[in-house]
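# Residue-level structure breakdown
Given next are the chains, with one letter for each unit.
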Amino acid sequence: MLQPFRVCIGFPENRDPLFGPMLWPELDRPAVTAGLLPLPTEIPMSAHPEGETPRGLSRRPVELVTAAILIGLAFVVLWDSYGRGAGWDNGPQNGFFPARVGWLFLAASLFILVQSFRTENSVFVTFEQLGQVSRVLGPLVLFVALIQPLGLYVAASIFILVFMAVVATSRWWSIVLTAILVPIVCFWIFEQQFRVPLPKGPLEAMLGY
Amino acid sequence: MKQHWLAAGAALAAVTTPALAWEPTKAIEIVVPFSAGGASDQMARTMQGIIQKNNLTSQPIIVVNKPAAGGAEGMLDIQKAAGDPHKLITTSSGIFMTPMATKLPLNWTEYTPIAMMAQDSFVLWVNAKAPYQTAGDFMTAAKAASPPLKIGGTSSKREDNLIVFGMEKAGGVKFAYIPHTSGGQASTQLSGNHIDASTNNPAEDVANWRGGATRPICVFSEQKMTYSTPVADGKSWADIPTCASQGLNVTYQMLRGMFMPGKVTKEQQAFYVNLFKKVSETPEWKDYLARSALVPDYRDGEAFVTFLKADEEKHAKLMGEAGFTAK
Amino acid sequence: MEDLSSLIAGFQVALSWHNVGFMVIGVVLGIIVGVLPGLGGPNGVAILLPLTFGMDPTSAIILLSSIYWGALFGGAITSILFNIPGEAWSVATTFDGYPMAVQGKAAEALTAAFTASFIGALSGVILITFVAPLVASFALRFGPAEFFAVFLLTFCSFIGMGRENRAKILASLCIGFLLAAVGLDSISGDLRMTFGSTELMRGFDFLIVVIGLFGVSEILLTVEEGLVFKGKQATIDLKVVLRTWAGLPRYWATLVRSSLVGMWMGVTPGGAIAASFMGYGLAKRFSRRGANFGKGEIEGVLAPETAAHAAGTSALLPMLALGIPGSATAAVLLGGLLVWGLQPGPMLFVEQKDFVWGLIASMYLGNLAGLIIVLATVPLFAAIMRIPFSFVAPVILIVCAIGAYTISNSIFDIWLMLIFGIIGYVFKKLDYPLAPLVLALVLGDRAEDAFRQALLGSGGSLGVFFANGLVTTLVALAMILLFWGPVSDLIGAARRRSGRAGKAAEAAE
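Computed from a predicted structure; not experimentally measured.

With that settled, consider the overall build of chain A. When helices and strands are counted, chain A shows seven helices and two strands. Within chain A, buried positions represent 47% of all 209 residues. Accessible area of chain A: about 10700 Å², with a carbon and sulfur share of 67%.

In structure tokens, the structure reads:
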């Protein structure tokens, strides 16, 4: 099997990007993976010829910031646990375990911090990849933010519209149809069949739910 | 305002035409601030069954468990739902004790009381093979024991813990109180002889009593229970003596009732008062009471509020004495 | 002998026309609630419970327990296809199931998972059938010290063998323990690490963390490499099922081991979650293919699924025999029993023989019906992988959000899910292992509670962990497993050093 070029360094095994035929069922699959047919521009992977290092966020600062956050959390835990009593009073007090775990956690995080200076630096995420991730994360954050004011169903509809528009691989009518049908099916299953109340907004109130 | 509640309920039953009365327009949610399978959960699910079987409402009933943080999760949920007439909560004494023990901003006066359905007794249980026959035997053994005898119950700083504290005070002894996540767990631990006694409600231990694994010693109530149908070994609930009669002067009972969120209309409240009054009169409910050995004590309106006020005061005092109140 | 004839009578009850019908309805409904995060066995059971009041208790319990079987089967589907475990015990299934799906072996993974579930459940039912009273009394020997020892054993069998950076394993484990500690401490009755927030008071629910860490983060990782699903088109037909089955006898040792672990953990109240992790951990350690675990090894799907279902089924035993529910669904079933006036407990087997044996017979038949139905749906579910990413991804994310919300009806939890999604993305890229975090989150507070209950009882003496044969054996086993990893690694490394030279030469050719 032909392995597509791997952009991402420091990735666990089996993260090979495998281009299935999902997006273009009409295309011949081997032809796509073999690079015989041009891929749409959303797929950045094959853009880099072998040997060229893609620009991106390097790994070391990310390691450092993560370790620093963990160290900070460890201190918060220790402060809280000792505040409530982390000793031994006829058996462990309620801060005993968190405090011991907190010390271990602190030690591990400090070790990771030191370690991250010594490991070889590499690309954590290329800017292109970051762009891709934010194209999913952006609409997702919007979705969650809209649940409170608009209710889950309307927010879901907007989410699907925005997401599919950003991804831009589908025809407009299929986007609209998905955006309308998915919330309705969800409503039917959760609200009407299983009677699981989900957050509802002004639209549902207008319809009397 | 409170004095109108009873009047409103009575008026609803007698005068108002159905067209004027409030009716639920969507599914009614009963929040159980304990985990599935516990005594509160069983009560909620029994009521759900009764209401649906007898078609007492036009809308379905859903039971939702919100057990986190000792029931505070469910109580906060109801607090947040002020004005929502499709939510109910089952309560126990936890409605006073959780805020006292955790300092959470919760207060039952911000809810709308519907009705008290029953009171639950507490019984001192021991392993069937244990040598103790009376509360006196048990307390004498406790005085001599080192390390102290282990008494299991549900959660910390709650009903069971208060009773054990009361026993320590009354007998001048020390116990190791071991909190469990449910009464069922405490009962199993008792039948496995990992603890020396438990202070479970009758329903929580009845299975093991009938199975010959545990045995009741005495009931922490002022009067004996009234159910005289034999349960196990030819003994009935009514045969269990009160602890006070055996020299252990500790009495404690717990309310089991229904509340709804604050800021609801009187018509909405009246609907539920009426609903649960009907529930309390069904034969299925009476069966349930007998099976769980609950003390039948239906109260609504002013009678319920008076009871709540007195009970809260009692709990504030007990919790304070035991040092369970959060600083 | 008398039991056997009761069982045959039970089969006669369960095999009546309408009862088989209820079984099929129950299983299908169970699969649906099992697949949708946010709904689970308890939802399905709770919704149908009121409908069953009019039925006779045996039919009712057959309908309801079939939902339970269906939900158990259904939980594996999302774990394998989308890396989203619907239930805590499906987490270990994602470790190898999802990589298999990525490699285009979704159908094999699903077949393996379903078959393993069936084998596990079957061993659990056989246990219930033949040794119910004996085993029930054994469960009573477990006090807090023994509980703690069982959890310790689970931790020890699972950790200490990761090939990841040791400091990161430790950090991840600590995060799990600390997340588990947030909220109300059930022993002291005080709130911990909530910093005055009422949202934190609930603690971190396992499902929210897992949906974020596994599901959402996986979608973020996927889009990094283009807005398509990872996963090759899989050929799906009956042949795949048969081929997978033909390969199963090779893994008999894993199947037997996991069944035993599961039955043990189900009866001792360690539960299905601990069983799945332990089954996976032991298989990874003792299998010849252990090094491939985590990369899409079929054995890594078989091991946790068999163990989880053996445990899930055996857990019904304490419920029936002792009246303690082993899981939330079992608890709701228990409520159902009470509504019908049946009192679970030691007397149930004596007083309600027909009912108990009808239920046991329905466990055999319900699982068989479940297996057939889920296998028939394998092509359907595997076909989901062919739907374009831009359609499926938003739907998955919406369903994840619904799942996170329904746990405690809180929008805050959806934000938490999102945050854990980002944490999971960063952690996976920085090679922090997530499995220890999840394990500690699920079992950490229970282990701590058991430890403290034991010490409350012993007056603070640690001797309670060596007080009797049972607990001493468990603790000793845990220690052996903990040190087995490093020691056997050393031996293996020494042995491999000589072997590798030859292999390298071979590969070079």
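Turning to the overall build of chain C, a few remarks are in order. Of the regular secondary structure elements, chain C holds 22 helices and two strands. In chain C, buried positions account for 68% of the 509 residues. Considering only residue pairs separated by 6 or more positions, chain C has 79% of its internal contacts joining residues 24 or more positions apart. With an accessible surface of roughly 16300 Å², chain C has 69% of that area assigned to carbon and sulfur atoms.

Looking now at the state of the cysteines. All names here are of chain B. On inspection of all chains with the given rule, the structure shows one disulfide over all chains. Cys218 shares a disulfide with Cys243; S-S distance 2.1 Å. Across the disulfide from Cys218 to Cys243, rotation about the S-S bond amounts to roughly 85°, and the bridge is consequently right-handed. You can see Cys218 sitting in strand E9 (residues 214-219) and its partner Cys243 sitting in the loop between strand E11 (235-236) and strand E12 (253-260), a full 25 residues away along the chain.

A complete count under the given rule lists 31 aromatic pairs over all chains for this structure. Centroid distance Phe259(B) to Phe304(B): 5.6 Å. Interplanar angle 55°. Geometry classified as tilted. Pair noted here: Phe259(B) is in strand E12 and Phe304(B) is in helix H11 (residues 301-322), with a separation of 45 residues, a long-range link. Both rings, one in Phe204(C) and one in Phe420(C), keep their centres 5.9 Å apart while their planes meet at 85°; by these two values the pair is edge-to-face. Note that Phe204(C) is positioned in the loop between helix H9 (198-201) and helix H10 (206-224) and Phe420(C) in helix H20 (residues 411-429), a separation of 216 residues in sequence. Taking the relative accessible area as the measure of exposure, Phe204(C) reaches 17% and is therefore buried. The ring of Phe124(A) is capped by Lys429(C), whose NZ or CZ atom sits 5.2 Å from the centre of that ring.

So, on to the confidence of the model for chain C. All names here are of chain C. With 83% of its residues at a pLDDT of 70 or more, chain C has an overall mean of 80. The least confident element of chain C is helix H16 (residues 328-339), whose mean pLDDT is 64; the most confident is H20, at 93. Interface predicted TM-score (ipTM) for the complex: 0.80; the corresponding pTM is 0.80.

Attention now moves to the packing of helix H2 (residues 17-35) of chain C against helix H4 (residues 57-82) of chain C. Residue and element names in this part refer to chain C. Close contact between H2 and H4 brings their axes to 6 Å; oriented N to C, the two are set at 35°. Remark: the crossing between H2 and H4 carries right-handed chirality. When the residues that make up the contact of H2 with H4 are grouped by side-chain class, the tally is 13 nonpolar, eleven polar and no charged.

Within the secondary structure layout, Lys428(C) lies in helix H20. Distance in space between the C-alpha atoms of Lys428(C) and Leu348(C) is 49 Å, their sequence separation being 80 residues.

There is about 1400 Å³ of room inside the second largest pocket. Within the residue set of the lining of the second largest pocket, elements represented by two or more residues are helix H2 (59-84) of chain A, helix H4 (94-102), helix H6 (159-171) and strand E7 (176-180) of chain B together with strand E2 (190-192), H9 and helix H21 (435-458) of chain C. Of the residues forming the lining of the second largest pocket, the biggest block, four residues, is contributed by H6(B).

This part is about the pattern of salt bridges. For the structure shown, the criterion picks out 25 salt bridges over all chains. Measuring nitrogen to oxygen at the nearest pair gives 2.9 Å for the salt bridge that ties Glu321(B) to Lys169(B). Of this pair, Glu321(B) sits in helix H11 while Lys169(B) sits in helix H6, and the two are 152 residues apart along the sequence. Given the relative accessible area of 38%, Glu321(B) is considered partly exposed. It is possible to trace a salt-bridge network through shared partners that takes in Arg59(A), Glu63(A), Lys168(C) and Asp431(C).

In this section: helix H3 (residues 96-118) of chain A. In an α-helix, one full turn covers 3.6 residues, which means residues spaced three or four apart are oriented alike. The first and last C-alpha atoms of H3(A) sit 34 Å apart over 23 residues, in line with the 33 Å expected at 1.5 Å per residue. Considered for burial, the residues of H3(A) that qualify are Phe96(A), Pro98(A), Ala99(A), Val101(A), Gly102(A), Phe105(A), Leu106(A), Ala108(A), Ser109(A), Ile112(A), Gln115(A) and Ser116(A).

To continue, consider the sheet that holds strand E8 (residues 197-198) of chain B. All names here are of chain B. Strands sit in the order E7-E6-E8-E5-E9 across an open sheet of five strands; the sheet is mixed. Strands with a single pairing partner mark the edges of an open sheet, and in this sheet they are E7 and E9. Bridge count between strand E5 (residues 123-127) and E9: five bridges; the pairing is antiparallel. Paired with Val126 across the two strands is Arg215, which belongs to E9.

Residues and elements named next belong to chain A. Nonpolar side chains collect at one region of the surface, where Leu161, Trp172, Trp173, Val176, Leu177, Ile180, Leu181 and Ile184 lie side by side and expose about 820 Å² of accessible area between them. Examining the composition of the nonpolar patch, we find that seven residues originate from one element, helix H6 (residues 172-193), more than from any other. Within the fold, Ile180 resides in helix H6. Accessibility expressed as a relative area gives 47% for Ile180, which makes it partly exposed.

Here we take up the side chain of Ser172(C). All names here are of chain C. Mapped onto the elements, Ser172 comes out in helix H8 (residues 166-181). Overall, the relative accessible area of 0% leaves Ser172 in the buried class. Once residues lying within four places of it in the same chain are set aside, the contact partners of Ser172 are Pro433, Leu434, Pro436 and Leu437.

Another aspect to go through is the environment of Leu170(C). Within the secondary structure layout, Leu170(C) lies in helix H8. Dropping the residues within four chain positions of it, Leu170(C) is found in contact with Leu104(A) and Ala108(A).

Here we take up unusual backbone geometry. In this structure, the amide linkage connecting Ser146(B) to the following residue, Pro147(B), adopts the cis form with an omega of -5°. Inspection of the secondary structure assignment puts Pro147(B) in the loop between helix H5 (135-144) and strand E6 (150-154). Not every positive phi belongs to a glycine, and Lys263(B) is a case in point at roughly 60°. A relative accessible area of 75% means that Lys263(B) is categorised as exposed. Even without a glycine there, the phi angle at Met193(C) is positive, about 50°. For Met193(C), the position within the fold is in the loop between E2 and H9. A relative accessible area of 5% places Met193(C) in the buried class.

On to the pairing of E5(B), then. Residue and element names in this part refer to chain B. The element E5 is largely enclosed, with a buried count of five among its five residues. Here E5 runs beside E8; their pairing, made up of two bridges, is antiparallel. Residue pairing across strands places Val126 opposite Ala197, the latter belonging to E8.

Counting 214 residues, the largest nonpolar core has Phe143(A), Phe190(A), Phe95(C), Phe114(C), Phe206(C) and Met417(C) as its most contacted members. Phe206(C) has contacts with Glu87(C), Ala88(C), Val91(C), Val438(C), Leu441(C) and Val442(C), leaving out every residue within four places of it along the chain.

Calculation criteria
- Residues numbered from 1 in each chain as written.
- Chains lettered and ligands numbered in written order.
- Predicted model: local features only at pLDDT ≥ 70, side-chain atom pairs only at ≥ 80, totals over all residues.
- Heavy atoms only, no water.
- Helix = DSSP H or I, 4+ residues; strand = E, 2+ residues; numbered from the N terminus.
- Buried < 20%, exposed > 50% of the residue type's maximum accessible area, 1.4 Å probe, protein only.
- Areas by Shrake-Rupley, 256 points an atom, 1.4 Å probe, with all protein chains shown as cover.
- Contact = heavy atoms within 4.5 Å.
- Disulfide = S-S within 2.5 Å.
- Phe/Tyr/Trp six-rings, centres within 6.5 Å; stacked < 30°, edge-to-face > 60°.
- Lys NZ or Arg CZ within 6 Å of the ring centre and 35° of its normal.
- pLDDT = per-residue confidence, 0-100.
- Axes fitted to C-alpha atoms, helices over the stretch in contact; angles between N-to-C directions.
- Left-handed = near helix turned anticlockwise from the far one by under 90°.
- Nonpolar A, V, L, I, M, F, W, Y, C, P; charged D, E, K, R; others polar.
- 1 Å grid on protein atoms, 1.4 Å probe; cavity = no way out; pocket = protein on both sides within 12 Å on 5 of 7 lines; lining within 4 Å.
- Points joined across faces, edges and corners; volume = space filled by probe spheres on them.
- Salt bridge = Lys/Arg side-chain N within 4 Å of Asp/Glu carboxyl O.
- Expected span 1.5 Å × (residues − 1).
- Pairing = 2+ DSSP bridges.
- Patch = residues over 30% accessible without salt bridge, like charges linked within 9 Å, V, L, I, M, F, W, Y side chains within 5 Å.
- Core = buried A, V, L, I, M, F, W, Y, C linked by side-chain atoms within 4.5 Å.

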